[in-house]
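# An overview of the molecular structure
The chain contents come next:
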Amino acid sequence: MAVSQWHKLYTSDVAAPPAVLFGLLADMPNYGRWLPGSTAFGRSTDVEPYPVRLGSRYHDGKPDEPGKDWRGTVTGFQPPGSLDFHHTMTLRQLRATVDVHIHYSLEPGGAGTRVSRRLVLDIGMPRVLRPLRRLVTTFFDKENLRTMAAVAEYAEAHGGELADE
């Protein structure tokens, strides 16, 4: 099985303080308040231990649909500046395994926060199916753009309320 790596950096300036954004990203069981479901993501469950911290494990994706879920771990936790996740997905129809590494960096600046989300995919799939790798990367790209937009929209709309929590 051939393994290749794909990575991309997503950035956004969000009119909310780093602590508010960190709180949204780290509160995995409550992602539904800011991240609408999609074809790939329904919710995060079984977050243990909770509140989230370094080493917390979670069940993500569409936990009620076999083959559309995955388990992951919080691999970095430095409030309010950075947060890291790792999970492995099996894409049976492509006979592929995707190791997903996500790193959030939250840097204060100006009237808000520069949010950076680095995505690194280690994609293992048979060489004969490698031309389909683009489907995998396009899927992840769209989902990451959607996530970045959703957290920015929610934080900017509810920032004052969240800062008071």
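In every chain, residue numbers begin from 1 and rise along the written sequence. Where totals are concerned, whole chains, interfaces and linings use all residues; where local detail is concerned, this predicted model gives features only for residues with pLDDT of at least 70, and gives and counts side-chain atom pairs only at 80 or more. Values reported for side chains reflect all heavy atoms of the structure, with hydrogen atoms and water molecules removed beforehand.

## Considering the confidence of the model for the protein
- For the protein, per-residue confidence averages 93 on the pLDDT scale, and residues scoring 70 or more make up 96% of the total.
- The quantity known as pLDDT measures the predictor's confidence residue by residue, on a range of 0 to 100. Put simply, DSSP H or I for four residues or longer makes a helix, DSSP E for two residues or longer makes a strand, and each gets a number counted from the N terminus. Within the protein, helix α2 (residues 133-164) has the poorest average pLDDT of any element, 89, and strand β7 (residues 112-125) the best, 97.

## A few points about the packing of aromatic side chains
- Ring geometry is summarised as follows: Phe, Tyr and Trp rings, the Trp one being its six-membered ring, pair when their centres sit within 6.5 Å, and such pairs are stacked at plane angles under 30 degrees, edge-to-face over 60 and tilted between the two. Evaluated as defined, the whole model comprises 6 aromatic pairs.
- Aromatic pair Tyr31 and Phe41: ring centres 6.3 Å apart, planes at 50°, arrangement tilted. With Tyr31 in the loop between α1 (18-26) and β2 (45-48) and Phe41 in the loop between α1 and β2, this pair connects stretches of sequence that are 10 residues apart. The same class applies to Tyr31 as to Phe41, namely buried.
- Counting every residue linked through ring pairs, the aromatic cluster contains Tyr31, Trp34 and Phe41. The classification of residues rests on relative accessible area computed with a 1.4 Å probe and restricted to protein chains. Under 20% of the type maximum is buried, over 50% is exposed, and intermediate values are partly exposed.

## Digging into the pairing of strand β4 (residues 69-78)
- Sheet topology note: the strand β3 (residues 57-61)/β4 ladder contains 5 bridges and is antiparallel. Looking across to β4, one finds that Gly61 is bridged to Asp69.
- Taken together, the 6 bridges between β4 and strand β5 (residues 82-91) define a ladder with antiparallel strand orientation. Counterpart to Gly72 in the pairing with β5 is His87.
- At least two DSSP bridges between two strands are needed for those strands to be called paired. From the end of β4 to the start of β5, which pair antiparallel, there are 3 residues.

## Some remarks on the pattern of salt bridges
- By definition here, a salt bridge exists when the distance from a side-chain nitrogen of Lys or Arg to a carboxyl oxygen of Asp or Glu is within 4 Å. With the rule as written, the count across this model stands at 6 salt bridges.
- For the salt bridge of Asp13 with Arg114, the shortest nitrogen-to-oxygen distance reads 2.7 Å. With Asp13 in strand β1 (residues 2-14) and Arg114 in strand β7, this pair connects stretches of sequence that are 101 residues apart.
- Note that Lys68 and Glu65 form a salt bridge whose closest N and O atoms lie 3.5 Å from each other.

## Re unusual backbone geometry
- Cis rather than trans, the peptide bond between Tyr50 and Pro51 has omega equal to 5°.
- Cis geometry is adopted by the peptide bond preceding Pro80, which originates at Pro79 and carries an omega value of -10°.
- For Asp46, which is not glycine, the phi dihedral falls at a positive 50°.
- Residue placement: Asp46 occurs in strand β2.
- With a phi angle near 50°, Arg95 is a residue other than glycine that sits in the positive phi range.
- On the basis of relative accessibility, which here comes to 53%, the residue Arg95 falls in the exposed class.

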